[in-house]
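A structural walkthrough
Listed below, chain by chain, are the residues.
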Amino acid sequence: MDKHVIDAIRQKEGLPDSMSDEEIARDYKGTYTAARAAVSLEHKPLDQVMADTMKKVLPFMPKGKNKK
């Protein structure tokens, strides 16, 4: 299991730092939690993708809410 995935599992599950990477890899290998942690490292949330796209397409739009 990749170190980044192990770190994401440790953070999301609130595991103590005293738990070794090997223990986490053994306990979480092939689980739904490990799969979600791996996917979350590789993909941006849809709202972030939309915001990034809008910045590229409409760079002249003001940031934040329009003030009157």
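Preceding this paragraph is the structure being described.
In this text the structure is predicted, and so the values were computed from the model without any measurement. (Residues numbered from 1 in each chain as written. Predicted model: local features only at pLDDT ≥ 70, side-chain atom pairs only at ≥ 80, totals over all residues. Heavy atoms only, no water.)

**Observations concerning the overall build of the chain**
Tallying secondary structure elements over the chain gives four helices and zero strands in all. Reading the secondary structure of the chain in the N-to-C direction produces α-α-α-α. Within the chain, buried positions represent 19% of all 68 residues. Sequence-distant contacts, at least 24 apart, represent 41% of the contacts inside the chain between residues at least 6 apart. (Helix = DSSP H or I, 4+ residues; strand = E, 2+ residues; numbered from the N terminus. Buried < 20%, exposed > 50% of the residue type's maximum accessible area, 1.4 Å probe, protein only. Contact = heavy atoms within 4.5 Å.)

**Points about the packing of helix H1 (residues 3-13) against helix H2 (residues 21-28)**
Relative orientation of the contacting elements H1 and H2 amounts to 80°, with a least axis distance of 10 Å. Put simply, H1 runs roughly perpendicular to H2. Taken together, the residues of H2 that come into contact with H1 (itself represented by Lys3, Ile6, Ile9, Arg10 and Glu13) are Asp21, Ile24, Ala25 and Tyr28. When its residues are assigned to classes, the contact of H1 with H2 shows five nonpolar, no polar and four charged. (Axes fitted to C-alpha atoms, helices over the stretch in contact; angles between N-to-C directions. Parallel < 35°, antiparallel > 145°, perpendicular 65-115°, else oblique. Nonpolar A, V, L, I, M, F, W, Y, C, P; charged D, E, K, R; others polar.)

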